[in-house]
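# Observations on chain architecture
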Amino acid sequence: MKAAVWYRARDLRVEPVEIPRLEDPHQVKIKVAACGICGSDLHEYAAGPIFIPVDTPHPISQQKAPIIMGHEFAGEVVEVGERVTRVKVGDRVAIEPILSPHRDGHYLMERYNLTPLLGFHGLSGGGGGFSEYTVVGEHMVHPMPETLSYEQGALVEPAAVGLHAVRQSSLKAGDSAVVFGAGPIGLMVIESLKAAGAADIYAVELSAARRQKATDLGATVLDPQQGDAVEQLHELTRGGADFAFEVTGVPAVLSQAINSTHAGGETVVVSIWESDAAIQPNDLVIKERSMKGIIAYRHIYPAVIALMQQGYFRAEDLITGRIALDDIVEKGFDALLNDKSHVKIIVEPAT
């Protein structure tokens, strides 16, 4: 089969690899139908390795680079191990790609995303969604209703990040929130804020195309090139937002996010960072603000799928391109790096 294999930064190759086989009675083989290119994938391609193991194998996958990429995906179950009970051949499933200690078809930790061994199928070895077939543990598969497309299934993973970020905040119905960055995850945060009952949602974004996407989803959008965004937010919210969500990974934006909230406000850092970011601690201390980080998600795929059935996280609002696996570098990764009008590009590996 063909797969997109990461060798090093800026070296992603579509090449033939062996079709994976079941090696455990709790494993499931998936024919991949749709796989999204994630911001984390872009970080690995442009400046990695970050999660990709290079010097030593990942302790769970037992693999290191070169590895197959792709962790936002959905597909059809084509083979199951003899002890698999969650799904059967022919089922349509979305994949939860977290690598965390597991046994007999279950994660071992309640907060399994916080394991020191954290990895991701499609970033840390073990196969990935940028391939025609891949094998995962049954604890990683979630059945999808017939009403959801495979493209919707590929959006469950990034939507889970957005929903987890909002759930881990202290936000209550009626609160206000600002999202810095209206890329794929930022838009998912906006949708999650709507589902959580936020009364006023603001977004700060450089790209005109992404500002339009955020507007279409109901946010009041600011262009940071047109004046001081923090000052504008304080005016719009009469003193600062209740919550800020930082989803850019740009060092200067972290301070802006903190200062966009009122005294006692909360900032949630969602980004994965390529470099350090400086803040003035007094911005937290003197106004008794708080700041917290989130990584990935846990126990949330069923909630995302249920919200999708209610009309949240719609593919038609978020997908801006569909490409074949052979075109993944030029029309996928390079396009996303060079053209910020794109939001989510879906790769269709199956032949």
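In what follows, the structure referred to is the one given above.
This text gives an overview of the structure that appears in the document. This is a predicted model, so every value here is computed, not measured.

### Examining the overall build of the chain
- On a plain count of helices and strands, the chain comes out with 10 helices and 20 strands.
- Scaling as 2.2 N^0.38, a compact globule of 351 residues should have a C-alpha radius of gyration of about 20 Å, and the chain matches this with 20 Å.
- Dimensions of the chain, computed from C-alpha atoms along their principal axes, come out at roughly 60 × 35 × 35 Å.
- The 351 residues of the chain split such that 54% are buried.
- For the chain, contacts bridging at least 24 residues in sequence account for 72% of all contacts bridging at least 6.
- Summing over all exposed atoms, the chain offers an accessible surface of approximately 14600 Å²; the carbon and sulfur share of this is 47%.
- Between the mean site of the 30 positive side-chain charges and the mean site of the 45 negative ones, the chain shows a separation of 2 Å.

### Overview of the packing of helix H1 (residues 39-47) against helix H10 (residues 328-338)
- Put simply, H1 and H10 touch, their axes get as near as 10 Å, and they point 95° apart. Relative to H10, the element H1 lies roughly perpendicular. Residues Asp 41, Leu 42, Tyr 45 and Ala 46 of H1 lie in contact with H10, whose contacting residues are Val 329, Phe 333, Asp 334, Leu 336 and Leu 337.
- Broken down by class, the residue content of the contact of H1 with H10 amounts to seven nonpolar, no polar and two charged.

### A look at the side chain of His 71
- On the secondary structure map, His 71 appears in the loop between strand E4 (67-68) and strand E5 (72-80).
- The exposure class of His 71 is buried, given its relative accessible area of 2%.
- A polar contact is formed between the side chain of His 71 and the side chain of Asp 41, at a distance of 3.3 Å.
- Those residues in contact with His 71, other than ones at most four positions away along the chain, are Cys 35, Cys 38, Ser 40, Asp 41, Pro 97, His 121, Gly 122, Leu 123 and Glu 157.

### A short note on the environment of Gln 152
- Counting through the fold element by element, Gln 152 comes out in helix H2 (residues 150-168).
- Residue classification places Gln 152 among the buried positions, given a relative accessible area of 8%.
- As a C-alpha pair, Gln 152 and Gln 225 span 73 residues in sequence and 33 Å in three-dimensional space.
- Residue contacts for Gln 152: discarding those within four places in its chain leaves Met 308, Phe 313, Arg 314, Ala 315 and Glu 316.

### Re the packing of H2 against helix H3 (residues 184-196)
- Across the interface, H2 lies against H3 with an axial gap of 8 Å and an inter-helix angle of 55°. Comparing their axes, H3 and H2 come out oblique. As H2 packs across H3, the resulting crossing turns out to be right-handed. In contact with Leu 155, Pro 158, Ala 159, Val 161, Gly 162, Leu 163 and Val 166 of H2, H3 contributes Ile 185, Met 188, Val 189, Ser 192, Leu 193 and Ala 196.

### Things to note about the pairing of strand E14 (residues 200-204)
- Burial analysis of E14 places four of its five residues in the buried class, the great majority of the element.
- Across five bridges, the pairing between strand E13 (residues 176-180) and E14 is parallel. Considered in E14, the bridge of Ala 177 is made with Ile 201.
- Between the parallel pair E13 and E14, the chain is carried across by H3, and the sense of this crossover is right-handed.
- By the bridge criterion, three bridges tie E14 to strand E15 (residues 220-222) in an arrangement that is parallel.

The rules behind the values
Residues numbered from 1 in each chain as written. Predicted model: local features only at pLDDT ≥ 70, side-chain atom pairs only at ≥ 80, totals over all residues. Heavy atoms only, no water. Helix = DSSP H or I, 4+ residues; strand = E, 2+ residues; numbered from the N terminus. Rg over C-alpha atoms; globule rule 2.2 N^0.38 Å. Buried < 20%, exposed > 50% of the residue type's maximum accessible area, 1.4 Å probe, protein only. Contact = heavy atoms within 4.5 Å. Areas by Shrake-Rupley, 256 points an atom, 1.4 Å probe, with all protein chains shown as cover. Lys, Arg positive; Asp, Glu negative; His and termini not counted. Charge placed at Lys NZ, Arg CZ, Asp CG, Glu CD. Axes fitted to C-alpha atoms, helices over the stretch in contact; angles between N-to-C directions. Parallel < 35°, antiparallel > 145°, perpendicular 65-115°, else oblique. Nonpolar A, V, L, I, M, F, W, Y, C, P; charged D, E, K, R; others polar. Polar contact = N/O pair within 3.5 Å; in protein donor to acceptor, adjacent residues only side chain to side chain. Left-handed = near helix turned anticlockwise from the far one by under 90°. Pairing = 2+ DSSP bridges. Right-handed = clockwise from strand over helix to strand, strands pointing away.

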